[in-house]
Number of protein chains: 2
Amino acid sequence: MDALFRPRSVAVIGASSRQPSIGWQLTHNIVDDGFQGALYPVHPTLEHLHSIKCYRDVRDIPGAVDLAVIALRQDRVRPAVEACIEKGVGGLIIISAGFREIGPKGAAEERELVALCREAGVRVIGPNCMGILNTDPSVSVNATFSRTSPPRGNVAFMSQSGALGEAILNFANRLGLGVSMFASVGNRADVSANDLLEYWGKDPSTDVVLLYLESFGNPRRFPEIASRVARDKAIIAVKAGGTHTGQRAAASHTGSLAGRDVATGALLRKGGVLRARTVSDMFHMARALANQPLPAGDRVVILTNAGGPGILAADALEAEGLSLPELAAEVQERIRPHVRPTASLANPLDLIADATAEHYEKALDEVLGSGAADLVLAIFVPPIVTDSAAVVRAIARAIVRARERGVEVPVLSVLMGEEGIVEGEADLKAARIPVYRFPEEAALAMGAMVSRARWLAQPRESLESLAKAAEALRTPEVDQLLSGQGPGMLDAAVARRLLAAFGVPILEAEQVEDARAAVAMLADGHVVLKAEGPSLIHKTELGAVRVDLRTVAEVREAFDDLKANVADPHPGSRIVAQRHVGGGREVLVGASRDPAFGPMIAFGAGGTDVEAVRDVVFRVAPLTEADAWEMVREIRAYPALMNDRRGKPADVAAAVTVLQAVSNVMLACPEVAAIDLNPVLLLPEGDGGLAVDARVERG
Amino acid sequence: MDALFRPRSVAVIGASSRQPSIGWQLTHNIVDDGFQGALYPVHPTLEHLHSIKCYRDVRDIPGAVDLAVIALRQDRVRPAVEACIEKGVGGLIIISAGFREIGPKGAAEERELVALCREAGVRVIGPNCMGILNTDPSVSVNATFSRTSPPRGNVAFMSQSGALGEAILNFANRLGLGVSMFASVGNRADVSANDLLEYWGKDPSTDVVLLYLESFGNPRRFPEIASRVARDKAIIAVKAGGTHTGQRAAASHTGSLAGRDVATGALLRKGGVLRARTVSDMFHMARALANQPLPAGDRVVILTNAGGPGILAADALEAEGLSLPELAAEVQERIRPHVRPTASLANPLDLIADATAEHYEKALDEVLGSGAADLVLAIFVPPIVTDSAAVVRAIARAIVRARERGVEVPVLSVLMGEEGIVEGEADLKAARIPVYRFPEEAALAMGAMVSRARWLAQPRESLESLAKAAEALRTPEVDQLLSGQGPGMLDAAVARRLLAAFGVPILEAEQVEDARAAVAMLADGHVVLKAEGPSLIHKTELGAVRVDLRTVAEVREAFDDLKANVADPHPGSRIVAQRHVGGGREVLVGASRDPAFGPMIAFGAGGTDVEAVRDVVFRVAPLTEADAWEMVREIRAYPALMNDRRGKPADVAAAVTVLQAVSNVMLACPEVAAIDLNPVLLLPEGDGGLAVDARVERG
């Protein structure tokens, strides 16, 4: 990868003197951005280009070539690649299009090219890409045909779309976001997002990694790699193409309630990646994470000189789930003598329209020194009679002073309007305080900071070791249970035994041959009768479940009816009896195997209307205990589970046990395609939980 | 109001030669923006200002003064107002602060000023505001102290925050959004948002009204006024201050499940107002609604030369609920000969990176002529080798040509990146095609356009006549039922009779004095027993409800238990028996009286965990039939209600009946503070619905 990103020499094959052209722009960018090595333009006829000697063929170049960039017509790419391999280049960027993206013929040619390069040990970026750049002054290579050169900074950026890459570099420039490295990966025939994540994970000049993704090359490896990198660097992703395919692909059983978009969300989350809704949201987050420390909590204090923007900020911060505690009376009293008498000192602190530089400085001093804020948002709307530049400078000064005293509270600023702002902004920039135009943008960034801080605070469990531990739980009994079954829905009794073997608490079910045997169960309380069998999947809908049977007459009637109308017409089915368990709350636990992402675990409010209510959350297996607790707390019905108006709260710890057990089944048994436990009854706290109905599908 | 917005003469009281100052900026703006009438600066000592003769006192001005702008120290405002009244000015703008916003003393002074002006028939804007402007060339008055003068256009804008007003004018300028009138209303002591809505509703040069609201002055009148204006003009509002207060104010019964923010949403919706989440979203919507026709449906076709932005646009459009149908094969075939062979012609139409001006023009011609699109989104990312300006011009040309042929399909454009775009943009601007930088912004605007078109297509029912019709339903029986009751929860039997009188279908409940009477009811099926009484509000939680009693023994046991453990310990309570109705789906209907907004009606998924699941939607009464249907279709559980896997769909029409009946009760009976019907059982389609439990609170 160093040959690609830290080359000492670059050959441009397809360099051109024609303007505008990709071949010209590539050469121009390398020269213009001050490449610290040797540039060798390769051209069939030209003697010189950009005052640099040209070569007819890459093999004619006298010295070593670390990186070759190929920008030729599609049909000339293959010979050029072969020449490069012969020359012994270290890495290749293939700009040329006309490969996998145009159909099967192009895909085959792409595969052949990659095979050639792999054999020769040459890494390839592209084809069909815009190139790469590295702003490290000791390298300073811009091997893209972008017309925008970003400033040096600590943000690395990968784009799967070349077109968007250019637009985004442009946008980064306007926002003053500095870039460490950039790569447009095109068809990702060889170098993938995973490779870049690993590489940038080790790059000391990169603090934030931005990903524009359209698809995952190897989603199985992604969470492991990302979560390792995310320990040290913030990763923010925009994933396009979610909704569309997602809605079309939605299937019927609970494990597949997750559309592609939800699955993607689960995968990114597993990797500790912050997800941005749009490219501009990604930049708002990046500017904060690239320049400010992480907060210790979620308490935000807002300073403003205008009520409206303060309210907008408060709304947006609360929507992000952050808190805005009132300032303690003693802090307010320390600030009061230094500001206008009519200033409002709760939170937001409204210093009112004619607040001066001194007011801002003193108020910030006190807020930053008080320990009352985990994050501070300084809003300033330049009024006509104030020296705006002085106010902005005072904000910067107070923050720098607090830093010098060791205060590590992140501060973001919102400067609305333009007059007088520009001069002052230099001071904020020097203090690395991001400036936003609208309060909502800063609020979004703060939400991302808190979310990242929370993720980092979670205990670290290696995903690999969790997966290994799960596999170790596969006993000979499990082998035996599974080996006896063909594809499709497992026999209900086998499914129960399989799940029990992994520690899922299951409500026992006893096969009953006649009504008498069922009646005998009344001795232990009310009874449930069910017909079970290979063609009885949607039992409730088929009338195959009779709950809360209380009398001999009820049991008899239900048995006879089930037998005659459900069991007998469905060959291979039988009737089982269970104890009727009252007083629990219904939840569902499910799992399915996503063809790309692997096992997805679902948790949600239970009952028969699961699909309609869709109060379901998803994670990618393996589940850490923290993941499972997060899932339980995330569903909308969680407060209802914990509501003790009708008795004790539900035993949600039992749900965590079931979730981790189901995750283990999926990891240990690749034969299992899907699991559906609905309902799982959560009994009152301390009494555990019970899976009442279990469906397991073999792939 | 014309004296304020169309003055022929303006006096500035507090004009100043000192720079920067509000008094100077006001005078400067009036002169500099080319006011078409006479300006009279009023100053205690100066002879001339801006080459214009000054007056010592407004009363010294020789001619009539339509509008006086007061920008004096707070303690000098009152004498100036008195002088203005004596002079006989038509309207007043009080810029000065120091009134209601600083506390009770200021509020009292403000009230006195307004009383003086009202008596004299003078309308007042402010105090504590930034002024007004009208860009109509025959008036051309900029009586603000903003440093930004917006271009002439068809968008009127009201801000409750002066600070935000300036920032927003600035932003409008950068986006090239033309303004017809602007008003910063400050404390709204006299002229309110409602007044401005009515005034702008009649202004022929205004097509879109933007509102930045922090609170509603008179929310009762707002929906009536807004829905009248919204027939002709799009109204878009940003309402700040929702979440914060909302969450703190959330109360316990279902009618109050609506926080302030939800109530605000219901109020805006009632008025046909589009709600924007942020100020920038408001502008994205405004640019589309101010310049493009409304769509006839929700089918969007996307043209692009880059996959990534096309996918982002598709995602965002689907999130807005719009559809992206594939283009019919014959349309694709008509386009195919004119574009690259590798172009993808489904939807998005990806014309690929090197698409030329001709490709765009031909494809747009076909798409616009095909009738396949209700809206078209043209995305262009300038590649290095294309004449970008030519492409942008071709897009504009195709749209203009389609318009000339009578095609009224709205088109928005997204131009990412900058190179070569600027020249072409003039053509788009001339064709009134809004240009966005990101696909998501255009998608949001399209969502607003479709939403407005749908609102306009709804049958128009006058809110006033609905309210009158409801009042006419109040019979002498209702008077009698309510007159016998004090404040607090109505007796359950009285509540049932009241609701029945308005047409709410209620499940009968018979008071049973002993177990024998209860057992007798078994003849008609299973039985429900309930204890009812003034201290038995949360019946389920108190164990006061026994459902599905099937045998004599069960009824007896339940009766005795209820009597001994619930009814007897709660004085004034009794036991009632109801038929147990099986097979219905539970929903809730509720109502509460918001102190500011009036009656709010709630509809949601029913059952005991209502508050946790919060699948509830709200509207402001009176409900049109369309409103009630919208509510029913909006809850997340709607698909479950219509799901026929377990029999017929639920009778949702019955829910509409109950909703409108409850709305009528609230309108006809101001004594009723809240209604809570939970559950309402919706029986299978055709069988109606039944309110099983009813609580009515008297205010």
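None of these values were measured; they are calculated from a predicted model.

A. Spotlight on the nonpolar core. Counting 440 residues, the largest nonpolar core has Val69(A), Ile70(A), Ile395(A), Val69(B), Ile70(B) and Ile395(B) as its most contacted members. Setting aside anything within four residues of it in sequence, one finds Ile70(A) in contact with Ile13(A), Gly14(A), Val77(A), Ala80(A), Val81(A), Leu92(A), Ile93(A), Ile94(A), Ile95(A) and Ser96(A).

B. Summary view of unusual backbone geometry. Residue Pro20(B) is bonded to the preceding Gln19(B) through a cis peptide linkage, with omega at -10°. Along the chain, Pro20(B) falls in the loop between β1 (9-13) and α2 (22-32). Residue Pro127(B) is bonded to the preceding Gly126(B) through a cis peptide linkage, with omega at -5°. Here Pro127(B) is to be found in the loop between β7 (123-125) and β8 (131-134). A positive phi angle, near 50°, is found at Arg188(A), a position not held by glycine. Position of Arg188(A) among the secondary structure elements: in the loop between β11 (179-184) and α6 (193-201). Even without being a glycine, His50(B) presents a positive backbone phi close to 55°. Structurally, His50(B) is set in the loop between β3 (48-49) and β4 (52-53).

C. Representation of the sheet that holds β1(B) within the structure. All names here are of chain B. The five strands lie next to each other as β2-β1-β5-β6-β7, forming an open sheet whose pairing is parallel. The sheet is open, and its two borders are formed by β2 (38-42) and β7, each paired with just one other strand. The average angle at which neighbouring strand axes cross in this sheet is 20°, direction not considered. Sitting on the sheet, α2 is in contact with β1, β2 and β5 (67-70), with an inclination near 160° to β1.

D. Structural context of helix α14 (residues 388-404) of chain B. With 17 residues, α14(B) should cover 24 Å at 1.5 Å per step; its first-to-last C-alpha distance of 25 Å lies within 8% of that length. Burial in α14(B) covers these residues: Ser388(B), Val391(B), Val392(B), Arg393(B), Ala394(B), Ile395(B), Ala396(B), Ala398(B) and Ile399(B).

E. Just the packing of helix α3 (residues 74-87) of chain A against helix α4 (residues 104-120) of chain A, in detail. All names here are of chain A. Relative orientation of the contacting elements α3 and α4 amounts to 0°, with a least axis distance of 11 Å. By the angle between their axes, α3 is roughly parallel relative to α4. Note on element contacts: α4 touches α3 through Leu-113, Leu-116, Cys-117 and Ala-120, opposite Arg-78, Val-81, Glu-82 and Ile-85. Residue classes in the contact of α3 with α4 are distributed as six nonpolar, no polar and two charged.

F. Looking closely at the domain arrangement of chain A. When the domains of chain A are assigned, the result is domain 1 (1-143), domain 2 (146-291), domain 3 (293-457), domain 4 (460-507 + 582-699) and domain 5 (508-580). A separation of 66 Å is found between the C-alpha centroids of domain 3 of chain A and domain 5 of chain A.

G. Representation of the sheet that holds strand β24 (residues 574-579) of chain A in the model. All names here are of chain A. Strand order in the open sheet made by the four strands is β21-β24-β22-β23, with antiparallel pairing throughout. Looking at which strands have only one partner, the edges of the open sheet turn out to be β21 (510-511) and β23 (545-549). Pairing analysis gives six bridges linking strand β22 (residues 527-532) to β24, with the strands arranged antiparallel. Residue Ala-531 lies in a different strand from β24, and its bridge partner there is Ile-575.

Cut-offs used in this document
- Residues numbered from 1 in each chain as written.
- Chains lettered and ligands numbered in written order.
- Predicted model: local features only at pLDDT ≥ 70, side-chain atom pairs only at ≥ 80, totals over all residues.
- Core = buried A, V, L, I, M, F, W, Y, C linked by C-beta atoms within 7 Å.
- Buried ≥ 20, exposed ≤ 12 C-beta atoms within 10 Å, placed from the backbone.
- Contact = placed C-beta atoms within 7 Å.
- Helix = DSSP H or I, 4+ residues; strand = E, 2+ residues; numbered from the N terminus.
- Pairing = 2+ DSSP bridges.
- Axes fitted to C-alpha atoms, helices over the stretch in contact; angles between N-to-C directions.
- Expected span 1.5 Å × (residues − 1).
- Parallel < 35°, antiparallel > 145°, perpendicular 65-115°, else oblique.
- Nonpolar A, V, L, I, M, F, W, Y, C, P; charged D, E, K, R; others polar.
- Domains from an automatic or database assignment.

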